[in-house]
Amino acid sequence: MSENANPLAPLACLADVRRRRGAVQALDGVDLMLPAGQVTALLGVNGAGKTTAIEILLGLQPADAGEIVLFDRHPSDLEARRHVGVMLQQAQLPERLQVGELLSLTRSWYPDPRSVADCVALAGLDGLLGRRYGRLSGGQQRRVQFALALCGRPQLLFLDEPTTGLDIGARQQVWRAIRRLVADGVGILLTTHYLEEAEALADRVVVLDAGRVRAVGSVGEVRAQVAQRRIRCTTVVQADVVAAWPGVRTAEAVDGQLVVMAEQAEPVLRRLLETDPQLDDLEVQRAGLAEAFVAMTAATDIASDTNRQEAA
Amino acid sequence: MDTTTMTTGTRRPGTRVRLWRCYLLDTRCELLRLLREPMYIIPTLLFPALFYVMFGLLLGGRGSGGAARYLLATYGVFGAVGAGLFGFAVTLAIDRERGFFALRRALPAPPSAWLVARLLIAMLFTLVIVLELAALAVAFGGVTLTAGQWALLWTVTVLGALPFCAIGLWLGSLASANAAPAWVNLLFLPMAFLSGLWLPLSMLPDVFARLAPVWPAWHLAQIALGATGQSGSTPLWLHLLVLAVVTVACCVLALRRLVRAV
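Residues numbered from 1 in each chain as written. Chains lettered and ligands numbered in written order. Predicted model: local features only at pLDDT ≥ 70, side-chain atom pairs only at ≥ 80, totals over all residues.

The next point concerns the overall build of chain B. Each helix and strand in chain B was counted, giving 10 helices and zero strands. When the helices and strands of chain B are listed from N to C terminus, the series reads α-α-α-α-α-α-α-α-α-α. Principal-axis analysis of the C-alpha atoms places the extent of chain B at approximately 80 × 35 × 35 Å. Each of the 262 residues in chain B was classed as buried or not, and the buried ones make up 44%. (Helix = DSSP H or I, 4+ residues; strand = E, 2+ residues; numbered from the N terminus. Buried ≥ 20, exposed ≤ 12 C-beta atoms within 10 Å, placed from the backbone.)

Helices and strands together make up the secondary structure of chain A, namely 11 helices and 13 strands. Counting only C-alpha atoms and orienting by the principal axes, one finds that chain A spans roughly 70 × 45 × 40 Å. Across the 312 residues of chain A, 48% fall into the buried class.

All names here are of chain A. Within the open sheet, the three strands sit side by side as E2-E1-E4. Their pairing is antiparallel. Sheet topology places strand E2 (24–35) and strand E4 (65–70) at the edges, where each strand pairs with a single neighbour. Neighbour to neighbour, the strand axes of the sheet diverge by 15° on average, direction disregarded. Of the pairings in the sheet, the one linking strand E1 (residues 10–21) to E4 comprises five bridges and is antiparallel in character. Within E4, the residue paired with arginine 18 across the bridge is alanine 65. Strands in contact with helix H1 (residues 50–57) are E1, E2 and E4; relative to E1, the strand with the most contacts, it is inclined by about 120°. (Pairing = 2+ DSSP bridges. Axes fitted to C-alpha atoms, helices over the stretch in contact; angles between N-to-C directions. Contact = placed C-beta atoms within 7 Å.)

Among the nine residues of helix H3 (residues 99–107) of chain A, seven are classified as buried, and the element is accordingly described as predominantly covered. Within H3(A), the full set of buried residues consists of A:Val99, A:Glu101, A:Leu102, A:Leu103, A:Leu105, A:Thr106 and A:Arg107. The inward-facing, buried residues of H3(A) contact helix H4 (116–123) and helix H5 (138–150) of chain A together with helix H1 (19–35) of chain B.

The subject of this paragraph is the confidence of the model for chain B. Residue and element names in this part refer to chain B. With 92% of its residues at a pLDDT of 70 or more, chain B shows a mean pLDDT of 89. Model confidence for chain B, summarised as mean pLDDT per element, is weakest for helix H2 (residues 38–59) at 88 and strongest for helix H6 (residues 147–174) at 96. Reported confidences for the modelled complex are a pTM of 0.82 and an ipTM of 0.86. (pLDDT = per-residue confidence, 0-100.)

Bringing the environment of B:Val53 into the picture now. Residues and elements named next belong to chain B. The topology assignment puts valine 53 in helix H2. Under the C-beta neighbour-count criterion, valine 53 is labelled partly exposed, with 17 such atoms within 10 Å. Remark: the alpha-carbon pair of valine 53 and serine 231, spanning 178 residues in sequence, is separated by 23 Å. Non-local contacts of valine 53, meaning those with residues more than four positions away in its chain, are made with Leu58 and Leu136.

Contacts between the two partners involve 36 residues from chain A, matched on the other side by 33 residues from chain B. Listed by contribution, the elements that provide at least two residues to the side of chain A that touches chain B are E1, helix H2 (78–81) and H3 of chain A. Grouping the amino acids of the side of chain A that touches chain B by side-chain chemistry returns 21 nonpolar, eight polar and seven charged. (Nonpolar A, V, L, I, M, F, W, Y, C, P; charged D, E, K, R; others polar.)

Turning our attention to the pairing of strand E10 (residues 229–234) of chain A. Residue and element names in this part refer to chain A. In this sheet, strand E12 (residues 257–262) lies alongside E10 in antiparallel orientation, the contact comprising five bridges. Within the sheet, the bridge partner assigned to arginine 232 lies in E12 and is valine 259. One ladder, built from five bridges, connects E10 with strand E13 (residues 280–286); its direction is antiparallel. Residue threonine 234 lies in a different strand from E13, and its bridge partner there is aspartate 280.

Let us look at the sheet that holds strand E7 (residues 187–191) of chain A. Residue and element names in this part refer to chain A. With mixed pairing, six strands are arranged side by side in an open sheet as E5-E6-E7-E3-E8-E9. Of all the strands in the sheet, the pair left with one neighbour each is strand E5 (84–87) and strand E9 (212–217). Taken pair by pair, the neighbouring strands of this sheet meet at an average axis angle of 15°, ignoring direction. Here strand E3 (residues 39–43) runs beside strand E8 (residues 204–209); their pairing, made up of four bridges, is parallel. What sits directly across from leucine 42, in E8, is valine 206. The strands that H5 touches are E5 and strand E6 (156–160); relative to E5, the one it contacts most, it runs at about 165°. Set on the sheet, helix H6 (residues 168–183) makes contact with E3, E6 and E7; between it and E7 the angle comes to about 145°.

What follows is the structure, given as structure tokens:
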């Protein structure tokens, strides 16, 4: 994989990691490297293996096979995890503790934590320190979890859906904090359902699908690996005819219109116009990350859908 | 891949994690969590004294002074068993279910801090309970013990919470947050009764006295009674052995379960 050419030494990596959970192969030979100073976005539908990959990297569950390295050590080593900050999507903190108490507790686990004031400023916790966690809004709780993740001055940050439930202002603040941390050399592993978030923040994208890495690269590279152009028009030409043309990835009829995903728009357009001079409502778009992602995972959807239901 | 090229990062000199500080903050946070949860704290801290007043002082006081003396020891054990079982099982089940346990494991929280904090709290609560009972026994029950007997009784009871912490640890590693209190009560209340903690077993049919050695609480009660000069016929080492075996077995089962589960 092209990752080996990366000039930056990785902070953590998975090499050919396999993990079976029940009947499901949750990870099926996954390679993943997390470099410093970069945001790596881990994308995939529910059950693609994102959570399993993160839990193995953090030592929360073992791998059946493969190599796992976190700061030169095994993740079960406390010393390795002292370089790591974590925000887990499903973790609820003790409701009866105040935000300041949670922050002091978490800071005590790190050798050189950020000051409370820094944590408050980075995560936007003004006025919340004396409040009980259980009495905060969902967005405020998310910010507290973000503060706990970064309070130890980690060099590697695991952020699992960090902005779910945040309003636009709070999301912008988290994005700013992430960019600041990255500028300081922190490596970040981000999982998100918001593809625009991955597009806005990620230096690298790793697409997981059914326990395998489907694509790795910059946002642009991943986008380039799939249909680059989306053509939409009203035409009498049948979708199944167009699907057989060279350079066409997919063609389908949507709401009475033909939608074609093609590597290059021009040859397909030329042929479409030759075949149907009456063609109307023509629209050509560059595919976004969302479409790249959907196109990449759609191919295997039907085959593996039943397998994936419980792999998360 | 050459792992030796990976960065380990720099750290400001002279900074390291101070374990005693982790223990202190963890204990403080756990204590605050419990104190802010009246549903837990009131039964744990007040029921042993309440039952002692009812059965030891009001009912038992009409007869000889023997009831006040016997039940002083057994209600202390009752308190220790409750503090150990509830303090571990319920809080562990909640933290596991809500993901806080996994987050602590993902973050560099020292695993020993979790254990030390809960052990200290269970022993602290037991100490509060035995002091309450002592005050009641002296003031209203006419119980007199030598200073050495008091000290031994308190030490036995406070340390006696440990095997029940281990049982609670095991239950908490298995049960869901909703089921944990039910499981604990299902074990706690019958065991307390059948071990003679509420009433002397001599007041019950003989079969209960013969079955009593299956309950760890009975063995602790015998040691506590021995400390106040009311020894039974079973040798001390046998009680200690049973409690040690229970402690080790439950710890092993719990840790095996907790290592596997996320």
